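What the coordinates show
Here's the letter readout for the chains.
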Amino acid sequence: MVVGPIDLIQSVPAAERIPIGESATVRTPLEAGRTTGLSVETAVQLAMDGEVQAVVTGPVEKRALHLAGYEYPGHTEWLAALAGGVDVAMMLWQALDEWWGIEDPRLAICALNPHAGEGGLFGDEDERILEPAAQELHATGPLPADTVFVRALRREFDAVLTPYHDVGMTAVKVAGFGKGVNVTLGLPFIRTAPDHGTAFDIAGKGIADPSSMREAVKLAVKLAMTI
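What counts, and where the lines are drawn
- Residues numbered from 1 in each chain as written.
- Predicted model: local features only at pLDDT ≥ 70, side-chain atom pairs only at ≥ 80, totals over all residues.
- Heavy atoms only, no water.
- Helix = DSSP H or I, 4+ residues; strand = E, 2+ residues; numbered from the N terminus.
- Buried < 20%, exposed > 50% of the residue type's maximum accessible area, 1.4 Å probe, protein only.
- Contact = heavy atoms within 4.5 Å.
- Areas by Shrake-Rupley, 256 points an atom, 1.4 Å probe, with all protein chains shown as cover.
- Phe/Tyr/Trp six-rings, centres within 6.5 Å; stacked < 30°, edge-to-face > 60°.
- Polar contact = N/O pair within 3.5 Å; in protein donor to acceptor, adjacent residues only side chain to side chain.
- Salt bridge = Lys/Arg side-chain N within 4 Å of Asp/Glu carboxyl O.
- 1 Å grid on protein atoms, 1.4 Å probe; cavity = no way out; pocket = protein on both sides within 12 Å on 5 of 7 lines; lining within 4 Å.
- Points joined across faces, edges and corners; volume = space filled by probe spheres on them.
- Nonpolar A, V, L, I, M, F, W, Y, C, P; charged D, E, K, R; others polar.

A count of helices and strands for the protein gives seven helices and nine strands. Counting the 227 residues in the protein, one finds 35% classified as buried. Long-range pairs, those at least 24 residues apart, make up 67% of the contacts in the protein with a sequence separation of at least 6. Here the protein has roughly 13100 Å² of accessible surface; of this, 55% comes from carbon and sulfur atoms.

In structure tokens, the structure reads:
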């Protein structure tokens, strides 16, 4: 299949492909993990060899990957290792927020502790670690998590840097589930992914919402055509 000048390649080895709709009770978690692992390794190798310009990954189940011997916390750390141990970071991009490419983005730092630590009453990490980081980045903050995303949605900031996974993921999914895309920064190739999980409970039923995967593919194409 071709989208503009870019060919879409399915990286799952033919012998490992699982028919659409086949439930997790038919294939074991070990088999599923092995299929996923081989697929990701193949995709990364294609990218590292320059045969593809971008990689779009689907959601993975961590338990299955661990059973198959891929003991990484998630895709981000795994891709970093496959790319040679590079430093990476997750960026969650909203399809409706076209800030990509801004030369001097307005950055905000989300606090780690409630109320940004309340002057040290709820932890000193915000004053001790995040405030100096914000100053070095010329960013605003750290700002409390319960207000910083509201301000960002009102266009006061172009991006919010969050101290841990869940606070950022929750904000993006509440703001626009199905429209968010995960971009891995720091890799030597483009990588995008949808903002949802595996949803085994609805696999093969024809009721899953593919919007986020579409957005991940569209963003990968856009980046590949502009970088």
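Now, onward.
We now examine the packing of aromatic side chains. Taken as a whole and judged by the stated rule, the model has two aromatic pairs. Relative to tryptophan 78, the ring of tyrosine 70 lies with its centre 5.1 Å away and its plane at 45°, an arrangement referred to as tilted. Residue classification places tyrosine 70 among the buried residues on the basis of a relative accessible area of 13%. Three or more aromatic residues joined by ring pairs make a cluster, and in this case those are Tyr70, Tyr72 and Trp78.

We now examine the side chain of aspartate 158. Among the structural elements, aspartate 158 can be located in the loop between α5 (145-153) and β7 (159-161). Polar contacts involving the side chain of aspartate 158 include one to the main-chain amide nitrogen of arginine 106, which spans 2.7 Å.

With that settled, consider the pattern of salt bridges. A side chain of one charge can pair with a side chain of the opposite charge when the charged atoms of the two come close. A full pass over the atoms with the stated rule returns five salt bridges. With a closest N to O distance of 3.0 Å, aspartate 158 and arginine 106 form a salt bridge. Of this pair, aspartate 158 sits in the loop between α5 and β7 while arginine 106 sits in the loop between β4 (89-94) and β5 (107-110), and the two are 52 residues apart along the sequence. Among the residues examined, aspartate 158 registers a relative accessible area of 16% and is labelled buried. When the shortest N-O distance is used, the salt bridge between glutamate 156 and arginine 151 registers 2.5 Å.

Quantified by volume, the second largest pocket comes out at close to 1100 Å³. Lining the second largest pocket we find 39 residues, and of these Leu92, Ala159, Val160, Leu161 and Thr162 sit closest to its centre. Among the elements of the structure, β4, β5, α4 (125-137), α5, β7 and α6 (165-176) are those that each provide at least two residues to the lining of the second largest pocket. Take the lining of the second largest pocket: its biggest share by element is seven residues, from α6. Of the residues belonging to the lining of the second largest pocket, the class tally is 29 nonpolar, four polar and six charged.

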